[in-house]
Each structure stands twice: as C-alpha cells, then as structure tokens.
Amino acid sequence: MGLFNRTDKEKSNKNTTIATVGEGIEMKIPNSRQLADAPQDATSDRRTNEASHQQILPFHHQVNHMGHRVTTGIRPDGESGRKGFHPFHFFRIVWRSSCDISRAVNVLWPVVPAAIAVKYARPDWNLPIFILNYIAMVPCANLIGFAGQELARKLHKVFGILVEITLGSVVEIILFMVLLAQDKYQVIQAAILGSILATQLLCLGMCFFVGGLRRGELKFDEAVSEVGSGLLLTAGLGLIVPTAFYTAVNNRGSVSIDIVDENVRRISRITSVFLIIAYAIYVWFQMRTHHSIYDDLFERDEERDEDRHKDLHKAKLTFTECIIALIISVALVTIIAINLVEQISYIVEECHVSDSFVGLVLVPLVEKAAEHLTAVDEAWDNQMNFALAHVLGATIQTALFNAPLVVVVGWGLHKPMDLNFDLFNIAILILAILVVGNFLRDQKSNYLEGALCVIVYMIVAVAAFYYPNPETTTEGAATAGETRALVLG
C-alpha cells in the first residue's frame, strides 16, 4: 500500500486518522495501537516512506513569506515568484535598488550615455571626458553591486556573500586589466594599495561612524574580525617582500639594476602564485570546513536587521534578470574604464595630478563605490558581521587575489608588472593594517574609532596629492625601479 491514498470519509476507521496534506490529497496515519501491532520487519518500510514524505512535501508545497512557491535550489528569501525576464519589473526593481543611498546613486544614470557620447563626439575634450566617465562609473558599479546582492539572496549564505564580494571586485579587476594594457604599472601598484586603504580605512571608518551615531556601541564576532585582520596582516607581509628585497639588495650596490629588477619580477610572480593559493584556502575555509560558524553569525545578523521586514517584502529580481543586469553593467564598466584610463596621462601631465593620488585615491573610490554603499547600509541596520564580511572580504580579495592576478596576467603577456611598491605606499599600508587590527581586537567599536579611520584616510589622500611623480628622462617616463635607484644611489 502506498503512503498517499485518495480516500473517502466512509473508509476511515477507528484505527486510522485521515490527515489532509494537500489539495485533494490525504494521508492515512495509523494510531499508536496499530503501530504497536505492526510486524517488526515493516520498520524499514515505514522509515523509507517517512523519508519520502519529508522530501516530497517541501518540493511540492514549500512557499516563502510572500506566498511564492520556492524554486528548487533558491533560498526562500530570494524567491521572486517570477521566472524569465520582465522589462517593466526589471527596471522598476533596479531603480528602487537596495537602500536609499543606492537609490540616490541611480540619479546619475543619465551621465552614462553622456560620457560615452562625449568621448566619441569630442575626443579632444580630455578633462570633461575624464570627469564624466569618472561619475558614470558610479551607477554602473552600483548596478553590479545590486545585481550581486540580489543573486546572493538566492544562494547559500556564506557562498552568496563570497559571490557578492567577488562581483563587487569586477570593476577593480577590469580597471586593473585596462591599466595593464596601457602599461600604467605605477598607477596599478598605487591602485592596489589604494583599494586596500580605501576599504579598511574609509569604508570601515564610515561603517563605525554611521552605525555608532545610531547606537553608541557596535558589536561584532571575533570569528569575522580575527580571521580577517590576521589574513590582512599576512597578505601585507607577502606584498612587501619584493619591495624589501629590492631595497636591501640595491643598497648593497654589488648587483646591477637590471639583474635586481629581473629578480624582483621573478619573486613577485612566485609570490603572486602563493597568494592566490592562500586565497583559495581562505575560500575553502569559509565555504566547506567552517561554514557553520559563519552561517550562525549571519543568521543572527539577519534577525537583528531593523529593516528586515521591509527587505523581505520588496520585489526581487529573477535569476535571469540578475544575470542580464550583470552582463549590462560589466559591459558598461568596461567601456567607461577604457575611456577613463585613456585620460590618465592627460590628468597627470597637464593637470599636474600625481600618479600616487590617481592610484591611491581616485581609482579606488570609484571602483569600490558599490561595496562601500552596501557595507555602510548594513552597519546602519546593525548588521556589523555582514558589514565586516564585506569590508574585510573585499580587502582580502584585493590583496590575495586581484593584485596577484594582475602580476600573473602581466607575466603571461610578457609585461614587466611586479609587486615592487613605493616605500611610501608600503609604509602606509602596514600601519593602516595594524591600526585597523587594533580597533577590531575587542570585537566592538564606536563612532570615535570610525571618525579616526576616516581622518587618517584623508591625511593619506593629502600626502598622496603632493607626492611627486617619477622623474622623466629624455626617452620618456622612468620606471619605478629606475627612479628608486636614483634616489637611493
């Protein structure tokens, strides 16, 4: 006899209870006396039927808080209740975005076609092209962040956050690759460190400041802060090894500058491979061996979210619409990044803006805009573990994956890209990592610590603005290694 039977009420007897489990579907449930009289060899059959009952019901009947039937493999909170692509719903949801700050950024969308049009209509307008494309990058990056956030809602919590952080770094990776194609090595090096500084000083500082103003004291778990700060310090040590090697060997003066530069490139490439391996281990640690710890943390954070009831009832993108939004935004970011990078030489030479300021400040601010908005909104909603996961996760990905990836790609393209950073940038990076690690040590923070982080970042930006560019020779701009050799010699 099967587990599910269509029965009439007159077929029921005193030994059987009829339970309705679905429309037109009823289930016979034997009472305790009947179970006691059942033969022992039927136990395995009952357990098999019960397991089938538990598997079948969620698949056919599970609905989320909005009454939408949950698609297999999609988290209930991320179920949109729709399938495919619906243009009206798509544009309406994208415009409303995830929060008030993100929605305000969407006002900048008219700048996007204007920036692209001016580039091809008036290619000689270098400064307007740079300004328009710089502004246009913000809403495009915001769309990537929003689509990544919508996609993350549909996935497992830890995996979803990793996907969201990775998609948030797409803008950074595209900019790095465009800069690499244009041989802007010093700008890339400054942008790598600038991205780390902007995230852990400016973004984290804004999270502490905004959240602290609303609640006085913010608390977060050591599982997020300790692992994140430890990895940052390790990544910082890995990044400074090529610079330390160059400085130590070059000061001795016993080896020619060409040999030193070649050895630094080899060390940078090997270091990059090891850093990427470290990032893979970090991802495995979060997703496989210790995912339950992070699942519990993020569950508690979701319960503390004061706007959770609003987020649950917001209309959501379908899986297909998430992919379409990512394709559109990535294509626009690529076009705008190319237009932006082409004007850097003009900005540096004609407007007298230093490479360090472009790399440390201008590029990171625009490439990390979406992640910064997301993290600050989470801190405002008292989701500090989520905010720290985005801040530290983005910083770790830049240090352990994005930066080494540029070196490895440059290696494949036979370009002399290395991790031989300027001493000024390296010193600031290590000090910033130590300061942030000290703030995270006690698992709590306030608006004072946030304000101090933001002030320190502003001081770094002022110093970068006045930092001189490398000296030029008659053949063109000197490389970073040659400049340091002139200074140290």
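Residues numbered from 1 in each chain as written. Predicted model: local features only at pLDDT ≥ 70, side-chain atom pairs only at ≥ 80, totals over all residues. Heavy atoms only, no water.

**What to know about the overall build of the chain**
What counts, and what does not: Every helix listed is a DSSP run of H or I at least four residues long, and every strand listed is a run of E at least two residues long, numbered separately from the N terminus. Residue contacts follow a heavy-atom distance rule, with two residues in contact if any of their heavy atoms lie within 4.5 Å. Using the Shrake-Rupley algorithm and a 1.4 Å probe, accessible areas are obtained, with residue cover drawn only from the displayed protein chains.
Looking only at helices and strands, the chain features 21 helices and six strands. Put simply, of all contacts in the chain between residues at least 6 apart along the chain, 79% involve residues at least 24 apart. With the model as given, the accessible surface of the chain reaches about 23500 Å², and the carbon-plus-sulfur share is 62%.

**Concerning unusual backbone geometry**
Definition in use: Accessible area is worked out with a 1.4 Å probe on protein chains only. A residue is then buried under 20% of its type maximum, exposed over 50%, and partly exposed in between.
Not every positive phi belongs to a glycine, and aspartate 183 is a case in point at roughly 60 degrees. Structurally, aspartate 183 can be placed in the loop between helix H8 (170-181) and helix H9 (185-215). On the accessibility criterion, aspartate 183 (40% relative accessible area) is partly exposed.

**Side note on the pattern of salt bridges**
Just so we agree on the cut-off: The term salt bridge refers to a side-chain nitrogen of Lys or Arg lying within 4 Å of a carboxyl oxygen of Asp or Glu.
Taken as a whole, this structure holds six salt bridges when the rule is applied. The residue lysine 368 makes a salt bridge to glutamate 172 at a minimum N-O spacing of 3.6 Å. In this pair, lysine 368 is assigned in the loop between helix H16 (355-367) and helix H17 (369-380) and glutamate 172 in helix H8, connecting sequence segments 196 residues apart. The closest approach of N and O atoms between aspartate 183 and lysine 415, which form a salt bridge, is 2.8 Å. Pair noted here: aspartate 183 is in the loop between H8 and H9 and lysine 415 is in the loop between helix H18 (384-412) and helix H19 (423-440), with a separation of 232 residues, a long-range link.

**Focus on the packing of helix H5 (residues 111-121) against helix H14 (residues 319-342)**
Going by this rule: What counts as an axis is a line fitted to C-alpha atoms, over the stretch in contact for a helix, and the angles between N-to-C directions run from 0 to 180 degrees. Just so you know how the angles are binned, under 35 degrees is roughly parallel, over 145 roughly antiparallel, 65 to 115 roughly perpendicular, and the rest oblique. A crossing counts as left-handed when the near helix is turned anticlockwise from the far one by less than a right angle, and as right-handed when that turn is clockwise.
Direction vectors running N to C along H5 and H14 enclose 50 degrees, while the axes themselves pass 11 Å from each other. By the criterion of interaxial angle, the relationship of H5 to H14 is oblique. Along this stretch, H5 crosses H14, giving a crossing that reads as left-handed. Contacts between H5 and H14 involve Val112, Ile116 and Lys119 from the first element and Leu332, Ile335, Ile336, Asn339 and Glu342 from the second.

**With respect to the environment of lysine 83**
With respect to the helices and strands, the residue lysine 83 is situated in the loop between helix H2 (43-61) and helix H3 (87-96). Along the backbone, lysine 83 and leucine 317 are 234 residues apart, and their C-alpha atoms lie at a distance of 9.1 Å.

**What about a nonpolar patch on the surface?**
The test is simple: Patch membership is restricted to residues that have no salt bridge and whose relative accessible area is over 30%. Joining uses 9 Å for like charges and 5 Å for the nonpolar side chains Val, Leu, Ile, Met, Phe, Trp and Tyr.
Among the surface-exposed residues, Leu213, Tyr447, Leu448, Leu452, Ile455 and Ile459 lie close enough to one another that they form a single nonpolar patch of about 600 Å² accessible area. Sort the elements by how many residues they give to the nonpolar patch and helix H20 (residues 447-466) lands first, with five residues. In this structure tyrosine 447 comes out as partly exposed when scored by relative accessible area, which is 44%.

**With respect to the packing of aromatic side chains**
In plain terms, the rule: Pairing of aromatic side chains requires ring centres within 6.5 Å, counting the rings of Phe and Tyr and the six-membered ring of Trp. Pairs whose planes differ by under 30 degrees are stacked, by over 60 edge-to-face, and all others tilted. A ring is considered to have a charge above it if a Lys NZ or an Arg CZ atom is located within 6 Å of its centre and within 35 degrees of its normal.
In total, this model carries nine aromatic pairs according to the counting rule given. Between phenylalanine 85 and phenylalanine 90, the aromatic rings sit 5.2 Å apart at their centres with planes inclined by 55 degrees, giving tilted as the arrangement. On the basis of an interplanar angle of 25 degrees and a centroid distance of 6.0 Å, the ring pair of phenylalanine 130 and tyrosine 134 is categorised as stacked. Separated by four residues within a single helix, phenylalanine 130 and tyrosine 134 lie in helix H6 (residues 126-153), roughly one turn from each other. Owing to a relative accessible area of 10%, phenylalanine 130 belongs among the buried residues under this scheme. One Lys or Arg, lysine 119, reaches over the ring of tyrosine 120 and ends 5.1 Å from the middle of that ring.

**Remarks on the side chain of serine 195**
Within the element layout of this structure, serine 195 appears in helix H9. Apart from residues lying up to four places away in sequence, serine 195 is in contact with Glu172, Pro364, Glu367, Lys368 and Thr398.

**Thoughts on H17**
Basically, it comes down to this: Expected span of a helix: the number of residues minus one, times 1.5 Å.
The terminal C-alpha atoms of H17, which comprises twelve residues, lie 17 Å apart, in line with the 16 Å expected from a rise of 1.5 Å per residue. With eleven of twelve residues buried, H17 is to be regarded as a mostly interior element. Turning to H17, its buried residues are Ala369, Ala370, Glu371, His372, Leu373, Thr374, Ala375, Val376, Asp377, Glu378 and Ala379. Count one or two residues on from H17 and you reach asparagine 382, which has phi positive near 65 degrees.

**Describing the confidence of the model for the chain**
Condition: pLDDT expresses how confident the predictor is about each individual residue, on a scale running from 0 to 100.
In this model, the chain carries a mean pLDDT of 77, and residues with pLDDT of at least 70 account for 74%. Low pLDDT, under 50, characterises residues 1-61; the predicted model gives this stretch 47 contacts beyond four residues in sequence or across chains. pLDDT under 50 marks residues 472-489. Its contacts with residues more than four places away, or in other chains, come to 21 contacts.

**Brief notes about H20**
Every α-helix winds through 3.6 residues per turn, so residues three or four apart in the chain are directed the same way. We apply this condition: The arc in question is traced by the directions running from the helix axis to the C-beta atoms. In protein, a polar contact means a hydrogen-donor-capable atom and an acceptor-capable atom, both N or O and within 3.5 Å, with residues adjacent in sequence counting only if both atoms are side-chain atoms; elsewhere, any N or O pair within 3.5 Å suffices.
Here H20 contains 20 residues, and its C-alpha end-to-end distance of 29 Å stays within 8% of the 28 Å for a straight helix at 1.5 Å per residue. Among the residues of H20, those classed as buried are Glu449, Gly450, Cys453, Val454, Tyr457, Val460, Ala461 and Ala464. In an axial view of H20, the angular spread of the buried residues amounts to 135 degrees, which keeps them on one side of the axis. Opposite the buried face of H20, at more than 90 degrees from it, the exposed residues are Leu448, Met458, Ile459 and Tyr466. The elements touched by buried residues of H20 are H9, H16, H19 and strand E4 (444-445). Backbone nitrogen of leucine 448 and a side-chain oxygen of the N-cap are separated by 3.0 Å at the start of H20; the cap is asparagine 446.

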